[in-house]
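# Coordinates in review
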Amino acid sequence: MTTTPTKAQIIDGVALSKQLREDVARRTAALKTRGVTPGLAVVLVGDNQASQVYVRNKVKACSDAGLHSVLEKYDASMPEAELLARVEALNNDPAIHGILVQLPLPAHIDAHKVIEAISPTKDVDGFHVASAGALMVGQPGFWPCTPYGCMKMLESIGYDLRGKHAVVIGRSNIVGKPMALMLLQKNATVTVCHSATANLKAMTLQADVIVAAVGKRNVLTADMVKPGAVVLDVGMNRDDAGKLCGDVDFAGVSTVASHITPVPGGVGPMTITMLLVNTIEAAEREATRLEKLGNISK
Ligand code: NAP
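Residues numbered from 1 in each chain as written. Predicted model: local features only at pLDDT ≥ 70, side-chain atom pairs only at ≥ 80, totals over all residues. Heavy atoms only, no water.

In the vicinity of the ligand there are 19 residues, among which Arg 171, Ser 172, Ser 195, Met 236 and Thr 271 approach most closely. Ser 172 places a polar side-chain atom, nitrogen or oxygen, 2.5 Å from an oxygen atom of the ligand. With respect to the ligand, the side chain of Lys 216 contributes an N or O atom lying 3.0 Å from a nitrogen atom. Within the complex, 71% of the 930 Å² of free accessible area of the ligand lies under protein. Spatially, the ligand is embedded in the largest pocket. (Near = heavy atom within 4 Å. Polar contact = N/O pair within 3.5 Å; in protein donor to acceptor, adjacent residues only side chain to side chain. Areas by Shrake-Rupley, 256 points an atom, 1.4 Å probe, with all protein chains shown as cover. 1 Å grid on protein atoms, 1.4 Å probe; cavity = no way out; pocket = protein on both sides within 12 Å on 5 of 7 lines; lining within 4 Å. Sits in = over half its atoms within 2 Å of the grid points.)

And the structure:
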């Protein structure tokens, strides 16, 4: 007797993004009635092709949701001091509530120094050490957009993380580590794997939830997944035909997992969406602060 393989439910990042962006648009309209138009500044230094596409998408997503956005493009030769001065000017610009400096930066610029120059109140990418610290101790701050998007995807399927075992593959500062902290905050038991993990399969086979954030195709295959696990694929790679694909063997893992995110159309769109969510959040906090000071008319 043959058994028909089950098919995992797709967690559709495009559809979920649409819902969340509609909510951002509503919150933007409400904020405008309080005299504040949320504003995002995107700073791009150099001509990295992928970065150009990312910033264009971010700016377009802002205008679609009614947010004000400014794209500042600079030559790759821009001195670090000049970039730091631009960040400082944006910190002091009342029309800007969120600042995003697109990474990577040219080699002569210290990216860490630039990120640290952004005011934590405008750090909508969530990369500032103040944001990382706030996430670690469970205080309000800004969560990095990609893992934040993954959390929203779990929320969208009503997944209760309490007591579940989550395995995160990858420990970068922008995805893996904050992802682990967010899962922990929701009472999952978390294992973080990386390039020195001795037996990745032994770890992933124990997982109720797996987040793959490595940047290598087929890091996660069907034989590494417990039946019924939820699999979130953060990776962005190219297959042999040049098509965008994730870290997960989608076809294989789909026959074992209960839920899975596709690439494209999964975590990717959620990342930009959470940037909008963080920006509207930053603007709402600022509006409330100013209202308390009595500085703006109602
Ligand atoms: P990263 O900084 O290169 O980190 C990759 C992580 O994977 C590292 O922690 C590394 O371990 C680990 N790793 C490498 N090989 C491994 C292996 N064989 N087994 C287990 N772990 C391994 O990358 P990132 O910035 O976190 O991004 C990860 C992927 O997500 C990339 O494909 C990136 O393009 C994608 N991404 C997508 C979005 C989105 O919006 N969809 C956003 C951000 C990133 P070590 O620490 O030991 O080196």
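Here the narrative resumes, following the displayed structure.
Over the atoms rolls a probe the size of a water molecule, and in doing so it shows where empty space is left. Empty space within the largest pocket amounts to approximately 1200 Å³. A per-class count over the lining of the largest pocket returns 23 nonpolar, 13 polar and six charged. Lining the lining of the largest pocket are residues from two domains, each supplying at least three of them: domain 1 (36-120) and domain 2 (144-268). In this structure, the second largest pocket spans a volume of roughly 360 Å³. Lining the second largest pocket are 16 residues, with Phe 127, Val 129, Ala 132, Asn 173 and Ile 174 sitting closest to its centre. Ranked by residues supplied to the lining of the second largest pocket, first place goes to helix α4 (residues 111-117) with four residues. (Points joined across faces, edges and corners; volume = space filled by probe spheres on them. Nonpolar A, V, L, I, M, F, W, Y, C, P; charged D, E, K, R; others polar. Domains from an automatic or database assignment. Helix = DSSP H or I, 4+ residues; strand = E, 2+ residues; numbered from the N terminus.)

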